[in-house]
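Breakdown of the fold
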Amino acid sequence: MITNRTFTMLKPDSVSKGNIGAILEKINASGFKIVAMKLTQLSREDAEKFYAVHKELPFFDKLVTFMTSGPIVAAILEKENAVEDFRLLIGATNPDDAVEGTIRKSFATSVTENAVHGSDSDENAALESEFHFSKNEIFG
Ligand code: CMP
């Protein structure tokens, strides 16, 4: 089990708008250390697997279509209390509800195109990290 680590994706909207650098700057400034990172694109099969927990929800197809629409940046971040602190940094799922200064308030435009993903538990952080990275791609 990975502890004090969380998994993130900078979603296709962040990459296509040229926001990778600005978002990574906020992540670094908030005390997170990047221990793994890659630019990649999810296949439909990958995205359906990654978001399997949402399969029965009405937005599932829209979510998968968006997440496969272009490259993403996948990363593993390290910091004490990483999962909780990162969720505070990214803000509410819907940018309309996100607090000023959060990543989604600054960069997201809708509940679908919401700039970043952040794991919701230590257990999911470990599963999501393993989904995207092999052991020799993780440093630290
Ligand atoms: P993420 O943190 O990647 O995890 C699940 C995603 O589902 C979430 O971000 C949103 O982008 C998306 N999502 C959640 N609720 C809705 C909704 N009501 N309509 C569309 N997409 C949603």
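Just above, that's the structure.
Residues numbered from 1 in each chain as written. Predicted model: local features only at pLDDT ≥ 70, side-chain atom pairs only at ≥ 80, totals over all residues. Heavy atoms only, no water.

So, the site of the ligand
Let me state the cut-off plainly: Residues are counted as near a molecule or strand when any one of their heavy atoms sits within 4 Å of it. Polar contacts, as counted here, are pairs of nitrogen or oxygen atoms within 3.5 Å of one another; within protein the pair requires one atom able to donate a hydrogen and one able to accept it, and residues that are adjacent in sequence qualify only if both atoms are side-chain atoms. Every accessible area reported is derived by Shrake-Rupley at a probe size of 1.4 Å, with residue values counting cover from the shown protein chains alone. Charged means Asp, Glu, Lys or Arg here, nonpolar means Ala, Val, Leu, Ile, Met, Phe, Trp, Tyr, Cys or Pro, and polar covers whatever is left, Gly included.
Within the structure, the ligand sits among K11, Y51, H54, F59, L63, T93, R104, V111, T112, N114 and H117. Residue Y51 places a side-chain N or O atom 2.8 Å away from an oxygen atom belonging to the ligand. A distance of 2.8 Å separates an oxygen atom of the ligand from a polar atom in the backbone of V111. Protein chains shield 78% of the accessible area of the ligand, which is 460 Å² for the free molecule. Here the shell around the ligand is composed, by residue class, of 4 nonpolar, 5 polar and 2 charged.

A few points about the side chain of H132
Rules: Secondary structure counts use DSSP, requiring at least four H or I residues in a row for a helix and at least two E residues in a row for a strand, with both numbered from the N terminus. Pairs of residues are marked as contacts when any of their non-hydrogen atoms sit within 4.5 Å.
If you trace the backbone, H132 turns up in helix α7 (residues 122–132). Discounting residues that sit within four places of it in the chain, H132 has contacts with F7, M9, K38, L42, F50, I72, A74 and E137.

Topic: the packing of aromatic side chains
The condition that has to hold: Stacked, tilted and edge-to-face are the three classes assigned to paired rings of Phe, Tyr and Trp, where Trp is represented by its six-membered ring and a pair needs centres within 6.5 Å; plane angles under 30 degrees give stacked, over 60 edge-to-face, the rest tilted. Partly exposed residues are those whose accessible area sits between 20% and 50% of the maximum for their type, while under 20% is buried and over 50% is exposed, using a 1.4 Å probe and protein chains only.
A complete count under the given rule lists 4 aromatic pairs for this structure. Each ring, one from F7 and one from F50, has its centre 5.9 Å from the other, and the planes form 50°; the classification is tilted. You can see F7 sitting in strand β1 (residues 5–10) and its partner F50 sitting in helix α3 (residues 44–50), a full 43 residues away along the chain. Each member of the pair, F7 together with F50, is buried.

So, unusual backbone geometry
Phi angles above zero are rare outside glycine, and N81 is one such case at about 60°. Locating N81 in the fold gives a position in the loop between β3 (72–78) and α5 (82–90). A positive phi is found at A115, a non-glycine position, where the angle reads about 70°. For A115, the location among the structural elements is in the loop between α6 (103–107) and β4 (116–118).

Here's the deal with the sheet that holds β3
This is how it is decided: Strands were regarded as paired on the criterion that DSSP finds at least two bridges between them. In this description, a line fitted to the C-alpha atoms serves as the axis of each element, helices being fitted only across the stretch in contact, and the angle between N-to-C directions of two axes falls anywhere from 0 to 180 degrees.
Read across the sheet, 4 strands follow the order β2-β3-β1-β4 without closing on themselves; strand pairing throughout is antiparallel. In this open sheet, the two edge strands, each paired with only one partner strand, are β2 (33–40) and β4. Strand-to-strand twist in this sheet, taken as the mean axis angle between neighbours without regard to direction, amounts to 15°. The pairing of β1 with β4 spans 3 bridges and is classified as antiparallel. Within β4, the position partnered with L10 by the bridge is V116. Sheet strands touched by helix α2 (residues 20–29): β1, β2, β3 and β4. Its angle to β1, the strand with the most contacts, is close to 160°.

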